[in-house]
Amino acid sequence: MDLSTRGLVLREVNYKESDKILTILTEDGKLTVSARGARRKVSKYTAASQLLAFSELDLYQRHGRWSLREGRVVEMFSGLRQDILLLSVGAYFAELLEAVSDVDYADPGLLAFGLNGLHVLSTGKRDPRLVKAAFELRLMCHAGYAPDVSACPHCQAEAGLWLSLSGGRVYCRTCRPEQGGERVSLDPGSYSALRHIVSAPEGRVFAFSLGEEGARHLIAAAEAYVLAQLERGFRTLDFLGKVL
């Protein structure tokens, strides 16, 4: 069986002397692909088998396993590869995408969102901390964990709010029903940004700005919400905690 598709490399693992095993988010779903000889200098798909490479791919399947026949790079996100911090955030995006994507389940919207996030990050024009927060929150929407940020469900207050990490609702400090439950605070700026991220058209998700106080609240809320909803940690996030 042959397959021509486009995909983003989410993970690369060295195998044997010169091969790689790749996890690729494609237009046809998440695939595990063997790239034979990819680590050789003369390999015709060395570039296409690198982490965060987006390429046109020709694959073939034998005995239920996919292998790479040819890869033509479309985008390498060069801005990420020139900055260790941006590359680290990009690697975190890849780990998140791998966590929420399904094997053999086609979700072109998820791939398009991932590519847009990497592009915005790669340009270096926006604060990478805010790009990270927006990516985390909007990705939760794609994965079916969208927070309900309409307002406090009891009194409709839009200030002095808490975000419930388990329930995905916002509550004011007076009405919050989850005494003892996990929650993070939001100030007016971070709440406004949160509503924008959840509801904006795909091309405008990252188009917002925040002062330092609002940024601090949003960054903390986004990261905590991802960890609570996915119920797992991330190796790349542990590293980012030391450098971001």
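Quick caveat: nothing in here was measured; it's all calculated off a predicted structure.

### Digging into the nonpolar core
Logical step 1: Ranked by size, the top nonpolar core spans 58 residues in total, and within it Leu8, Leu139 and Leu218 carry the most contacts.
Logical step 2: Listed in part, the 14 residues of the second largest apolar core include Val33, Ala38, Ala48 and Leu59.

### Topic: unusual backbone geometry
Logical step 1: You will see that Leu52, though not glycine, has its phi angle at about 70°, which is positive.
Logical step 2: Its place among the elements puts Leu52 in the loop between β3 (29-35) and β4 (54-62).
Logical step 3: The exposure class assigned to Leu52 is buried, which follows from its relative accessible area of 0%.
Logical step 4: A positive phi angle, close to 55°, is found at Glu231, a residue other than glycine.
Logical step 5: Tracing the chain through its elements places Glu231 in the loop between α6 (212-230) and α7 (235-243).

### Some words on the side chain of Gln229
Logical step 1: Relative to the elements of secondary structure, Gln229 occurs in helix α6.
Logical step 2: In this structure Gln229 comes out as buried when scored by relative accessible area, which is 16%.
Logical step 3: Excluding anything up to four places from it in sequence, Gln229 contacts Met140, Tyr145, Leu165 and Ser166.

### Some words on the packing of helix α2 (residues 84-100) against helix α3 (residues 108-123)
Logical step 1: Interaxial distance between α2 and α3 falls to 10 Å at its minimum, and their mutual angle equals 170°. By the angle between their directions, the pair α2 and α3 is classed as roughly antiparallel. Facing Leu86, Val89, Gly90, Phe93, Leu97 and Val100 of α2, the residues of α3 in contact are Leu110, Gly114, Gly117, Leu118 and Leu121.
Logical step 2: Its residues assigned to classes, the contact of α2 with α3 shows eight nonpolar, three polar and no charged.

### Points about the layout of surface pockets
Logical step 1: Computed from the structure, the largest pocket encloses a volume of approximately 330 Å³.
Logical step 2: Along its surface, the largest pocket is lined by 14 residues, and Ile21, Ser34, Arg36, Arg65 and Ser67 are the ones closest to its centre.
Logical step 3: Taken together, the elements giving at least two residues each to the lining of the largest pocket come down to β2 (19-26), β3, β4 and β5 (65-75).
Logical step 4: Split into classes, the residues belonging to the lining of the largest pocket amount to five nonpolar, four polar and five charged.
Logical step 5: Taken as a whole, the second largest pocket spans an internal volume of roughly 180 Å³.
Logical step 6: Every residue lining the second largest pocket is listed: Leu10, Arg11, Glu12, Leu51, Ala91, Ala94, Glu95, Glu98, Arg235 and Thr236.
Logical step 7: Counting only elements with at least two residues in the lining of the second largest pocket, the list comes to β1 (2-15), α2 and α7.
Logical step 8: It is α2 that contributes the most residues to the lining of the second largest pocket, four residues altogether.
Logical step 9: Looking at the lining of the second largest pocket residue by residue, the classes come out as four nonpolar, one polar and five charged.

### Things to note about the pairing of β3
Logical step 1: The buried count for β3 comes to six of seven residues, which makes it a mostly enclosed element.
Logical step 2: Sheet analysis places β2 next to β3, joined by seven bridges and oriented antiparallel. Among the inter-strand pairings, Thr26 is bridged to a residue of β3, identified as Gly29.
Logical step 3: Counting the residues in the hairpin turn of β2 and β3 gives two residues.
Logical step 4: When β3 meets β5, the two strands line up parallel, connected through two bridges. Bridge pairing in β5 links Ser34 to Ser67.

### Some details on the sheet that holds strand β6 (residues 161-164)
Strand pairing in a sheet relies on backbone hydrogen bonds, with the paired strands running either antiparallel or parallel.
Logical step 1: If you walk across this open sheet you meet the three strands as β7-β6-β8, and the pairing is antiparallel. Each edge of the sheet is formed by a strand with only one pairing partner; in this case those strands are β7 (170-172) and β8 (183-186). Here the average twist between neighbouring strands, direction ignored, is 35°.
Logical step 2: In this structure, β6 lies alongside β8, joined through four bridges in antiparallel fashion. Its bridge partner being in β8, Trp162 is matched across the sheet by Ser185.
Logical step 3: Running over the sheet, helix α5 (residues 188-199) touches β6, β7 and β8 and is turned about 105° from β8.

What counts as what
Residues numbered from 1 in each chain as written. Predicted model: local features only at pLDDT ≥ 70, side-chain atom pairs only at ≥ 80, totals over all residues. Heavy atoms only, no water. Core = buried A, V, L, I, M, F, W, Y, C linked by side-chain atoms within 4.5 Å. Buried < 20%, exposed > 50% of the residue type's maximum accessible area, 1.4 Å probe, protein only. Helix = DSSP H or I, 4+ residues; strand = E, 2+ residues; numbered from the N terminus. Contact = heavy atoms within 4.5 Å. Axes fitted to C-alpha atoms, helices over the stretch in contact; angles between N-to-C directions. Parallel < 35°, antiparallel > 145°, perpendicular 65-115°, else oblique. Nonpolar A, V, L, I, M, F, W, Y, C, P; charged D, E, K, R; others polar. 1 Å grid on protein atoms, 1.4 Å probe; cavity = no way out; pocket = protein on both sides within 12 Å on 5 of 7 lines; lining within 4 Å. Points joined across faces, edges and corners; volume = space filled by probe spheres on them. Pairing = 2+ DSSP bridges.

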